Amino acid sequence: IHVLIETHTSLADAMQIASLQQIECLSFGLMDFVSAHHGAIPASAMNVDQFKHPLIQRAMLDISAACHRFAIIPSHNVCTEIHDVARIRDDCLKAKDLFGYTRKWSIHPNQIPIIVEAFSPQNHQVDEAIKILQAAQKALWGPIQFEGKLHDRASYRFYWMVLQRAKNSGKNFSELKSLDWFN
(Lines give C-alpha, C1' and ligand atoms only; values in the text may rest on other atoms or scores of the structure.)
Protein backbone atom coordinates (compact mmCIF):
# COMPACT_ATOMS: atom_id res chain seq x y z
CA ILE A 1 0.00 0.00 0.00
CA HIS A 2 1.22 3.49 -0.87
CA VAL A 3 -0.07 6.21 1.46
CA LEU A 4 -0.30 9.90 0.60
CA ILE A 5 0.42 12.18 3.55
CA GLU A 6 -1.32 15.49 2.88
CA THR A 7 -3.08 16.58 6.09
CA HIS A 8 -2.13 17.50 9.66
CA THR A 9 -3.72 14.31 10.93
CA SER A 10 -1.88 12.01 8.56
CA LEU A 11 1.40 13.80 9.28
CA ALA A 12 0.82 13.36 13.02
CA ASP A 13 0.23 9.64 12.38
CA ALA A 14 3.10 9.16 9.87
CA MET A 15 5.22 7.03 12.20
CA GLN A 16 2.27 4.81 13.10
CA ILE A 17 1.21 4.51 9.45
CA ALA A 18 4.75 3.65 8.37
CA SER A 19 4.88 0.89 10.99
CA LEU A 20 2.04 -1.06 9.37
CA GLN A 21 3.28 -4.19 7.66
CA GLN A 22 1.30 -3.59 4.44
CA ILE A 23 2.81 -0.15 3.80
CA GLU A 24 5.45 0.07 1.09
CA CYS A 25 5.67 3.85 0.61
CA LEU A 26 4.70 7.17 2.17
CA SER A 27 4.34 10.05 -0.27
CA PHE A 28 4.16 13.72 0.59
CA GLY A 29 1.18 15.59 -0.86
CA LEU A 30 2.66 19.07 -0.82
CA MET A 31 -0.11 21.07 -2.47
CA ASP A 32 -2.88 19.60 -0.32
CA PHE A 33 -0.70 20.02 2.77
CA VAL A 34 -0.17 23.72 1.99
CA SER A 35 -3.89 24.16 1.32
CA ALA A 36 -4.72 22.51 4.65
CA HIS A 37 -2.99 25.43 6.37
CA HIS A 38 -5.70 27.84 5.13
CA GLY A 39 -3.34 30.55 3.89
CA ALA A 40 -0.79 30.34 6.71
CA ILE A 41 1.77 28.97 4.23
CA PRO A 42 2.28 31.04 1.07
CA ALA A 43 1.39 29.62 -2.35
CA SER A 44 5.07 29.81 -3.34
CA ALA A 45 5.68 26.93 -0.90
CA MET A 46 3.77 24.67 -3.29
CA ASN A 47 6.72 24.84 -5.65
CA VAL A 48 9.90 26.90 -5.54
CA ASP A 49 9.89 27.74 -1.80
CA GLN A 50 8.95 24.29 -0.53
CA PHE A 51 12.48 23.59 0.67
CA LYS A 52 12.65 26.89 2.58
CA HIS A 53 9.41 26.96 4.55
CA PRO A 54 9.84 25.54 8.09
CA LEU A 55 6.45 23.80 8.21
CA ILE A 56 7.11 22.10 4.88
CA GLN A 57 10.63 21.17 5.94
CA ARG A 58 9.30 19.64 9.17
CA ALA A 59 6.65 17.66 7.30
CA MET A 60 9.15 16.34 4.75
CA LEU A 61 11.58 15.35 7.50
CA ASP A 62 8.89 13.66 9.61
CA ILE A 63 7.72 11.60 6.63
CA SER A 64 11.23 10.64 5.58
CA ALA A 65 12.23 9.72 9.14
CA ALA A 66 9.14 7.53 9.55
CA CYS A 67 9.93 5.75 6.30
CA HIS A 68 13.56 5.12 7.15
CA ARG A 69 12.61 3.93 10.64
CA PHE A 70 10.49 1.16 9.12
CA ALA A 71 12.54 0.56 5.92
CA ILE A 72 9.87 1.76 3.51
CA ILE A 73 10.12 4.21 0.61
CA PRO A 74 9.82 7.96 1.19
CA SER A 75 8.43 9.49 -2.00
CA HIS A 76 8.65 13.21 -2.63
CA ASN A 77 5.78 15.20 -4.09
CA VAL A 78 5.43 16.33 -7.68
CA CYS A 79 7.40 19.17 -9.18
CA THR A 80 4.97 21.58 -10.80
CA GLU A 81 7.60 22.60 -13.34
CA ILE A 82 7.30 20.62 -16.57
CA HIS A 83 9.91 22.10 -18.92
CA ASP A 84 12.66 23.65 -16.77
CA VAL A 85 15.11 20.73 -16.52
CA ALA A 86 17.37 22.52 -14.03
CA ARG A 87 14.46 23.21 -11.69
CA ILE A 88 13.18 19.62 -11.87
CA ARG A 89 16.70 18.29 -11.18
CA ASP A 90 17.15 20.76 -8.32
CA ASP A 91 13.88 19.61 -6.69
CA CYS A 92 14.99 15.99 -6.97
CA LEU A 93 18.45 16.60 -5.55
CA LYS A 94 17.17 18.66 -2.62
CA ALA A 95 14.54 16.04 -1.77
CA LYS A 96 17.18 13.31 -1.95
CA ASP A 97 20.21 15.02 -0.43
CA LEU A 98 18.59 17.26 2.19
CA PHE A 99 15.51 15.29 3.20
CA GLY A 100 16.37 11.63 2.56
CA TYR A 101 13.77 10.88 -0.12
CA THR A 102 14.50 7.96 -2.42
CA ARG A 103 11.68 8.38 -4.96
CA LYS A 104 9.70 11.22 -6.52
CA TRP A 105 6.36 11.55 -8.26
CA SER A 106 6.17 12.83 -11.82
CA ILE A 107 3.28 14.63 -13.47
CA HIS A 108 4.64 14.74 -17.00
CA PRO A 109 6.71 12.33 -19.13
CA ASN A 110 9.40 15.03 -19.55
CA GLN A 111 10.19 14.69 -15.86
CA ILE A 112 10.82 10.95 -15.72
CA PRO A 113 14.37 10.76 -17.14
CA ILE A 114 15.44 13.70 -14.98
CA ILE A 115 14.01 12.09 -11.85
CA VAL A 116 15.62 8.72 -12.60
CA GLU A 117 19.00 10.35 -13.22
CA ALA A 118 18.86 12.52 -10.10
CA PHE A 119 17.93 9.63 -7.81
CA SER A 120 20.54 7.26 -9.27
CA PRO A 121 24.08 7.19 -7.89
CA GLN A 122 26.53 9.19 -9.96
CA ASN A 123 29.56 7.57 -11.59
CA HIS A 124 32.01 9.06 -9.06
CA GLN A 125 29.90 7.68 -6.17
CA VAL A 126 29.93 4.20 -7.70
CA ASP A 127 33.69 4.41 -8.33
CA GLU A 128 34.33 5.46 -4.73
CA ALA A 129 32.10 2.69 -3.35
CA ILE A 130 33.90 0.08 -5.45
CA LYS A 131 37.34 1.24 -4.32
CA ILE A 132 36.37 1.32 -0.65
CA LEU A 133 34.70 -2.09 -0.74
CA GLN A 134 37.60 -3.64 -2.64
CA ALA A 135 40.02 -2.31 -0.01
CA ALA A 136 37.70 -3.60 2.73
CA GLN A 137 37.61 -7.03 1.13
CA LYS A 138 41.42 -7.12 1.04
CA ALA A 139 41.40 -6.25 4.77
CA LEU A 140 38.95 -9.11 5.40
CA TRP A 141 36.24 -6.53 6.15
CA GLY A 142 38.16 -5.04 9.06
CA PRO A 143 38.58 -1.27 9.43
CA ILE A 144 40.58 0.49 6.71
CA GLN A 145 41.93 3.92 5.90
CA PHE A 146 40.89 5.27 2.53
CA GLU A 147 42.08 8.68 1.35
CA GLY A 148 42.81 9.72 4.92
CA LYS A 149 39.47 8.62 6.37
CA LEU A 150 38.50 5.66 8.53
CA HIS A 151 36.01 3.17 7.11
CA ASP A 152 34.53 0.15 8.84
CA ARG A 153 31.47 -2.07 8.66
CA ALA A 154 29.10 0.88 9.17
CA SER A 155 30.41 2.75 6.14
CA TYR A 156 30.75 -0.52 4.19
CA ARG A 157 26.98 -0.97 4.54
CA PHE A 158 26.47 2.54 3.18
CA TYR A 159 28.71 1.90 0.15
CA TRP A 160 27.11 -1.49 -0.43
CA MET A 161 23.76 0.31 -0.67
CA VAL A 162 25.27 2.76 -3.19
CA LEU A 163 26.17 -0.22 -5.36
CA GLN A 164 22.73 -1.78 -4.85
CA ARG A 165 21.05 1.47 -5.90
CA ALA A 166 23.33 1.68 -8.93
CA LYS A 167 22.52 -1.91 -9.90
CA ASN A 168 18.77 -1.28 -9.53
CA SER A 169 18.79 2.11 -11.25
CA GLY A 170 18.62 0.79 -14.79
CA LYS A 171 21.73 2.78 -15.68
CA ASN A 172 24.61 0.86 -17.19
CA PHE A 173 27.42 0.82 -14.65
CA SER A 174 29.87 -1.49 -16.42
CA GLU A 175 32.19 -1.38 -13.39
CA LEU A 176 29.66 -3.44 -11.42
CA LYS A 177 29.86 -6.36 -13.84
CA SER A 178 33.51 -6.94 -12.99
CA LEU A 179 32.81 -7.38 -9.27
CA ASP A 180 32.37 -11.10 -8.82
CA TRP A 181 31.67 -10.62 -5.09
CA PHE A 182 28.82 -8.23 -5.85
CA ASN A 183 26.88 -9.95 -8.64
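The present account deals with the structure reproduced in this document. (Residues numbered from 1 in each chain as written. Predicted model: local features only at pLDDT ≥ 70, side-chain atom pairs only at ≥ 80, totals over all residues. Heavy atoms only, no water.)

### Observations concerning the packing of aromatic side chains
By the definition in use, this model includes 4 aromatic pairs. With centroids separated by 5.8 Å and ring planes inclined at 35°, the aromatic side chains of Phe 51 and Phe 99 adopt a geometry described as tilted. Of this pair, Phe 51 sits in the loop between helix H3 (30-35) and helix H4 (54-69) while Phe 99 sits in helix H5 (residues 85-99); the two residues are 48 residues apart in sequence, bridging distant segments of the chain. You'll find Phe 51 and Phe 99 in the same group, each marked buried. (Phe/Tyr/Trp six-rings, centres within 6.5 Å; stacked < 30°, edge-to-face > 60°. Helix = DSSP H or I, 4+ residues; strand = E, 2+ residues; numbered from the N terminus. Buried < 20%, exposed > 50% of the residue type's maximum accessible area, 1.4 Å probe, protein only.)

### So, helix H6 (residues 112-119)
Regarding H6, the residues found buried are Ile 114, Ile 115, Ala 118 and Phe 119. For H6, the angular spread of buried residues about the axis comes to 115°, placing them on one side. In this fold, the buried residues of H6 make contact with H5, strand E4 (103-104) and helix H8 (153-168). (Arc of directions from axis to C-beta. Contact = heavy atoms within 4.5 Å.)

### With respect to the nonpolar core
Judged by nonpolar contacts, the single largest core of 32 residues is most densely connected at Ile 5, Leu 26, Phe 28, Ile 56, Met 60, Ile 63 and Tyr 101. Those elements that provide at least two residues to this core are strand E1 (2-5), helix H2 (14-18), strand E2 (25-28), H3, H4, H5 and H6. Considering every element that reaches this core, the biggest residue donor is H4, with 6 residues. Non-local contacts of Ile 5, meaning those with residues more than four positions away in its chain, are made with Ser 10, Leu 11, Ile 17, Leu 26, Ser 27, Phe 28, Gly 29 and Ile 63. (Core = buried A, V, L, I, M, F, W, Y, C linked by side-chain atoms within 4.5 Å.)

### Let's talk about the pairing of E1
Alternating positions in E1 separate cleanly, Val 3 and Ile 5 being buried on one face and His 2 and Leu 4 remaining unburied on the opposite face. Examined bridge by bridge, E1 and E2 share 4 bridges and lie parallel to one another. Its bridge partner lying in E2, Leu 4 is registered against Ser 27. (Pairing = 2+ DSSP bridges.)

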